[in-house]
Amino acid sequence: QVQLVESGGGLVQAGGSLRLSCEASGNIFTINVMGWYRQAPGKQRELVATMTSARSTNYADSVKGRFTISRDNAKNSVYLQMNSLKPEDTAVYYCNSRGLYSDFSLFDSWGRGTQVTVSS
């Protein structure tokens, strides 16, 4: 199993910033992809941003230019710097990690989520 622990969520005023962190632990050989997804009540989960081990990124159009994803491979961690936050960014943000266990089998793990609330 791979455990993901998220932190950094909270309440912020529109236009403000938050930085989310996620650390993966377990018998990990390598993490190929780490990223963030979000889900607002009554809406489907959507991709926010992902990054591969080769630093290839994928952002939702709605966050491009405002959010920045980064990784620290040595710490098996991923971060999401969120600037110019808007009320529509309000959601539960989930960390996702995919890669290989030490025995080279695949894992696809999710964190329990962290609440981000942006007030207007």
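The rules behind the values
Residues numbered from 1 in each chain as written. Predicted model: local features only at pLDDT ≥ 70, side-chain atom pairs only at ≥ 80, totals over all residues. Heavy atoms only, no water. Buried < 20%, exposed > 50% of the residue type's maximum accessible area, 1.4 Å probe, protein only. Helix = DSSP H or I, 4+ residues; strand = E, 2+ residues; numbered from the N terminus. Pairing = 2+ DSSP bridges. Contact = heavy atoms within 4.5 Å. Phe/Tyr/Trp six-rings, centres within 6.5 Å; stacked < 30°, edge-to-face > 60°. Salt bridge = Lys/Arg side-chain N within 4 Å of Asp/Glu carboxyl O.

(A) Seen up close, unusual backbone geometry. Even without a glycine there, the phi angle at Ser84 is positive, about 50°. Classification of Ser84 by relative accessible area gives partly exposed; the value is 41%. Residue Phe104 is not a glycine yet carries a positive backbone phi of 75°. Along the chain, Phe104 turns up in the loop between strand 9 (91-101) and strand 10 (106-110).

(B) Examining the pairing of strand 1 (residues 2-7) more closely. By the alternation rule, side chains of strand 1 split into Val2, Leu4 and Glu6, which are all buried, and Gln3, Val5 and Ser7, of which none is buried. Where strand 1 meets strand 3 (residues 18-26), 6 bridges bridge the pair, whose relative direction is antiparallel. The partner of Val2 across the bridge, within strand 3, is Gly26.

(C) Local environment of the environment of Lys75. Turning to its location among the elements, Lys75 is positioned in the loop between strand 7 (67-72) and strand 8 (77-82). Taking the C-alpha atoms as reference, Lys75 lies 7.9 Å from Ala24; in sequence the two are 51 residues apart. Among residues more than four places away in sequence, those in contact with Lys75 are Glu23 and Ala24.

(D) Highlighting the packing of aromatic side chains. Summed over the entire model, instances satisfying the criterion amount to 3 aromatic pairs. For the ring pair Phe29 and Phe104, a centre distance of 4.9 Å and an interplane angle of 90° mean the geometry is edge-to-face. Taken together, the residues Phe29 in strand 4 (residues 28-39) and Phe104 in the loop between strand 9 and strand 10 connect sequence positions 75 residues apart. Note on Phe104: relative accessible area 53%, which makes it exposed.

(E) Up close: the pattern of salt bridges. Summed over all chains, the structure comprises 4 salt bridges. Across the pair Glu46 and Arg38 runs a salt bridge, and its minimum N-O distance is 2.7 Å. In this structure, Asp89 engages Arg66 in a salt bridge whose closest nitrogen and oxygen atoms are separated by 2.8 Å. Of this pair, Asp89 sits in the loop between strand 8 and strand 9 while Arg66 is found in the loop between strand 6 (57-59) and strand 7, placing the two residues 23 residues apart along the sequence. Each of Arg38, Glu46, Arg66 and Asp89 takes part in one network of salt bridges that share partners.

(F) Representation of the pairing of strand 11 (residues 114-119). Side chains Thr114, Val116 and Val118 project from strand 11 onto a buried face, and the interleaved Gln115, Thr117 and Ser119 project onto a face without burial. Of the strand pairs in this sheet, strand 9 and strand 11 are connected by 3 bridges, and their pairing is antiparallel. Across the sheet, residue Ala91 finds its bridge partner in strand 11, namely Val116.

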